[in-house]
Amino acid sequence: MKKYIIAASIENDVHVAGVYRFLNMAEQEGYKVDFLGPATSIDKLVDTVRLKKPDIVGVSYRLTPETLKIILNELKDKIRKYGLSNIRWIFGGTEPNCLVAKESGIFEEIFDGTFGDEYTISYLRGEKASHSEIEYGKDVVERIEKSYPYPIIRHHFGLPSYTDTLEGVRRIAEEKILDVISIAPDQNTQEHFFDKKYKASLDGAGGVPIRTEEEFKRLYDESRRGNYPLLRCYSGTNDVFKMAKVLKDTINNAWAAIPLCWYNVLDGRGPREIEESIRENQMLMKWHGDRNIPVEVNEAHHWGLRDAHDAIYVAASYLAAYNAKRMGVKTYIAQFMFNVPPATSPKMDLAKMLASIELVESLQDDNFRVFRQARAGLASMPQDLFEAKGQLASSAYLSMAIKPHIYHVVGFCEAHHAATPDDIIESVKIVKAVIKNTLSGMFDFTQDLDVLKRKEELINDAMVIINAIKDLNTLCSDPLSDPHTLSLAIKLGILDAPHLKGNKSASGMLTTKVVNGACYAYDYDSNRIIKEEERIYNIIQNYQKLIIVA
């Protein structure tokens, strides 16, 4: 039998939007509902409850708190008089009114909107989400399954001061605003945590200085409050296996973020050669896969952030997932960074993501599960903080078209300063408002004809790149996961980016341009887009000539 909820705005309050929305959610969760309407008197409410005997009664009031005190005293007296205390009473309203409702002692649950729809749904499903760590989900998969279609929320956090970061983690956890806090370590931590060869110039660079395992553990301990957010941290650029173990043992790393071809001489974040780092990164994926720790291979956006064209982004998305699967990863988190490059149009951006998703998710099977993670691109955030808030909301709205399981909020302030706890809380609330709006029913942008046409073009172009890498080494049983073949693809320019110009380990010959909102390989001498078949053909022809000469 369906559980039964009656709800109303009481006495002189005619605001019903919140009540009506709550009842809609309850109905979607399988409840029978009755809406008594606005300005329902206490007498009418009590008489209806006595007659219909609901399981739950929802009371809403959004006006003056002083008046509410009088109203609730009357309601409390009648609940006692008619023996209605066995019925579950809940309250929704403004924060000041919720404080009054709490003091009344009538209500088992009070909703002021602070914690969003996820909190409401948890209540309707009988989960006391505010009371126990286990109810939130012990790992990222459980959190997703409890929350979806609402994506769980992640944000990057790390201030140049360890003390400030520690206090910030505590504050963010208590606010119950994030499901996942991504600890951002400074460059010294990533590169020199074990050899202790710290460079003063890198202290606090890009994040928080963490110098001991105990300091990692303290961050985790401070997060054990509020909604008990999961913690995670990027992998190191040196001693990567030691760092992986430290992160697992200290912060229970929610998932690993590992590049395929980066964190080496290619991006200057470490001394490793490309082939060596690919091999080591693959083994790091395997290390996590063997321990059933989810893995994100943050590969595609590294190319996109360096102005590689869209087809390389899509191909790199596939290669990242392919290698993770080959290394035994069972739970894969595919990150899709929108707004890269910033001049990309919303239509073409979405097409790129849909092409990437189709290729990545073609790899799914019983042993390889993919979760989608969406985010805005850092470079798309304006320095003007008000414009940046608009960009944050705009990007989140478009991103929801891919139905992400995780939304990685990028603080609106990132182009201006590193996000403080206040900035994070504000940014997350902006995104949560967008998510609520989209999930109430948004236009399906994925069916736009321009988007679909571009998606198919990109899939075809990405397969040209992928097949070219396969053909580089026909003697290898699996060129797409062979470190030598992949590093050769970078050296030849099959995988390339304009920002790699002058890098001795890469080609750096690619030039690109955004045309009609999409990023293409571009020939500036003849002022034309270079077709991917032509680009790859020329690279292979030049390579074959070199082989003949050698």
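The paragraphs below set out a description of the structure included in this document. Only a predicted model underlies this, so the values are computations on that prediction, with no experimental measurement involved.

Focus on the packing of helix α10 (residues 213-222) against helix α11 (residues 240-251)
Closest axis-to-axis distance for the α10/α11 pair is 8 Å, and the angle between their directions is 40°. On the basis of the axis angle, α10 is oblique to α11. Between α10 and α11 lies a crossing whose hand is right-handed. Together, Glu-213, Phe-216, Lys-217 and Tyr-220 of α10 and Met-243, Val-246, Leu-247, Thr-250 and Ile-251 of α11 make up the contact between the two elements. Here the contact of α10 with α11 is built from residues that sort into six nonpolar, one polar and two charged.

Considering the pairing of strand β7 (residues 180-183)
Along β7, one buried face is formed by Val-180 and Ser-182 and the opposite face, lined by Ile-181 and Ile-183, is buried too. Note: strand β6 (residues 152-157) against β7, four bridges, orientation parallel. Bridge pairing links Phe-157 to Ile-183 in β7. Handedness of the crossover joining β6 and β7 through helix α8 (residues 162-175): right-handed. Bridge count between β7 and strand β8 (residues 230-233): four bridges; the pairing is parallel. Counted as the bridge partner of Val-180 is Leu-230 from β8.

Quick look at the sheet that holds strand β1 (residues 4-9)
Read from one edge to the other, the open sheet built from five strands follows the order β2-β1-β3-β4-β5, with strand pairing classed as parallel. Pairing within the sheet leaves two strands with one partner each, and these edge strands are β2 (32-35) and β5 (109-111). Averaged over all pairs of adjacent strands, the angle between strand axes in this sheet comes to 20°, irrespective of strand direction. The strands touched by helix α4 (residues 95-104) are β3 (56-61), β4 (88-93) and β5; relative to β4, the strand with the most contacts, the crossing angle is about 155°.

Focus on unusual backbone geometry
A cis amide bond links Tyr-148 with the next residue in sequence, Pro-149, at an omega value of 20°. Mapped onto the fold, Pro-149 is located in the loop between α7 (140-147) and β6. Omega for the peptide link from Val-340 to Pro-341 comes to -10°, which places this bond in the cis form. Summarising the element assignment, Pro-341 is placed in the loop between β11 (331-337) and α15 (346-361).

Quick notes on the pairing of β11
Judged by how many residues are buried, β11 sits mostly within the fold: seven of seven residues are covered. Taking every second residue as pointing to the same face, both faces of β11 are buried, with Thr-331, Ile-333, Gln-335 and Met-337 on one and Tyr-332, Ala-334 and Phe-336 on the other. Pairing analysis gives seven bridges linking β11 to strand β12 (residues 369-375), with the strands arranged parallel. When the bridges of β12 are listed, Met-337 appears paired with Arg-375. Remark: the β11/α15/β12 crossover connection has right-handed handedness.

A short note on the packing of α15 against helix α18 (residues 449-472)
Packing of α15 against α18 brings their axes to within 8 Å, and their N-to-C directions diverge by 50°. For the element pair α15 / α18, the angle class is oblique. The crossing of α15 and α18 is right-handed. Seen from α15, the contacting residues are Lys-347, Met-348, Leu-350, Ala-351, Lys-352, Leu-354, Ala-355, Glu-358 and Leu-359; seen from α18, they are Asp-450, Val-451, Arg-454, Lys-455, Glu-456, Leu-458, Ile-459, Ala-462 and Met-463.

Description of the state of the cysteines
Taken as a whole and judged by the stated rule, the model has zero disulfides. Lacking any disulfide linkage, Cys-233 is separated from the closest cysteine sulfur, that of Cys-413, by 19 Å. A residue is classified by how much of its surface remains accessible, and Cys-233, at 2% relative accessible area, is buried. The structure places no disulfide on Cys-476, whose sulfur is separated from the nearest cysteine sulfur, that of Cys-261, by 15 Å.

A few points about the sheet that holds strand β14 (residues 512-515)
Read from one edge to the other, the open sheet built from three strands follows the order β14-β15-β16, with strand pairing classed as antiparallel. Whereas interior strands pair on both sides, the edge strands pair on one side only; in this sheet they are β14 and β16 (528-529). Where β14 lies against strand β15 (residues 518-523), four bridges are found, and the strand directions are antiparallel. Residue Val-515 lies in a different strand from β15, and its bridge partner there is Ala-518.

Re the packing of aromatic side chains
Tallied over the entire structure, the rule returns 13 aromatic pairs. Between Phe-193 and Phe-194, the ring centres sit 5.0 Å apart and the planes meet at 80°, which makes this aromatic pair edge-to-face. Members of the aromatic cluster, connected to one another through ring pairs, are Phe-22, Phe-111 and Tyr-123. Seen from the ring of Tyr-313, Lys-352 lies directly overhead, with NZ or CZ sitting 4.6 Å from the centre.

A short note on α18
With 24 residues, α18 extends 35 Å from end C-alpha to end C-alpha; this agrees with the ideal 34 Å at 1.5 Å per step. For α18, the set of buried residues is Val-451, Arg-454, Lys-455, Leu-458, Ile-459, Asp-461, Ala-462, Ile-465, Ile-466, Ala-468, Ile-469 and Leu-472. Capping the start of α18 is the job of one residue whose side-chain oxygen sits 2.9 Å from the backbone nitrogen of Asp-450: Asp-448.

Quick look at α15
An ideal rise of 1.5 Å per residue puts 22 Å on 16 residues; α15 measures up with 22 Å between its terminal C-alpha atoms. Among the 16 residues that make up α15, 12 are buried, leaving the element largely enclosed by the rest of the structure. For α15, the complete set of buried residues consists of Met-348, Asp-349, Leu-350, Ala-351, Lys-352, Met-353, Leu-354, Ala-355, Ser-356, Ile-357, Leu-359 and Val-360. Buried residues along α15 sit against α14 (310-326), β11, β12, α16 (385-399), α18 and β15.

Criteria and cut-off values
- Residues numbered from 1 in each chain as written.
- Predicted model: local features only at pLDDT ≥ 70, side-chain atom pairs only at ≥ 80, totals over all residues.
- Heavy atoms only, no water.
- Axes fitted to C-alpha atoms, helices over the stretch in contact; angles between N-to-C directions.
- Helix = DSSP H or I, 4+ residues; strand = E, 2+ residues; numbered from the N terminus.
- Parallel < 35°, antiparallel > 145°, perpendicular 65-115°, else oblique.
- Left-handed = near helix turned anticlockwise from the far one by under 90°.
- Contact = heavy atoms within 4.5 Å.
- Nonpolar A, V, L, I, M, F, W, Y, C, P; charged D, E, K, R; others polar.
- Buried < 20%, exposed > 50% of the residue type's maximum accessible area, 1.4 Å probe, protein only.
- Pairing = 2+ DSSP bridges.
- Right-handed = clockwise from strand over helix to strand, strands pointing away.
- Disulfide = S-S within 2.5 Å.
- Phe/Tyr/Trp six-rings, centres within 6.5 Å; stacked < 30°, edge-to-face > 60°.
- Lys NZ or Arg CZ within 6 Å of the ring centre and 35° of its normal.
- Expected span 1.5 Å × (residues − 1).
- Polar contact = N/O pair within 3.5 Å; in protein donor to acceptor, adjacent residues only side chain to side chain.

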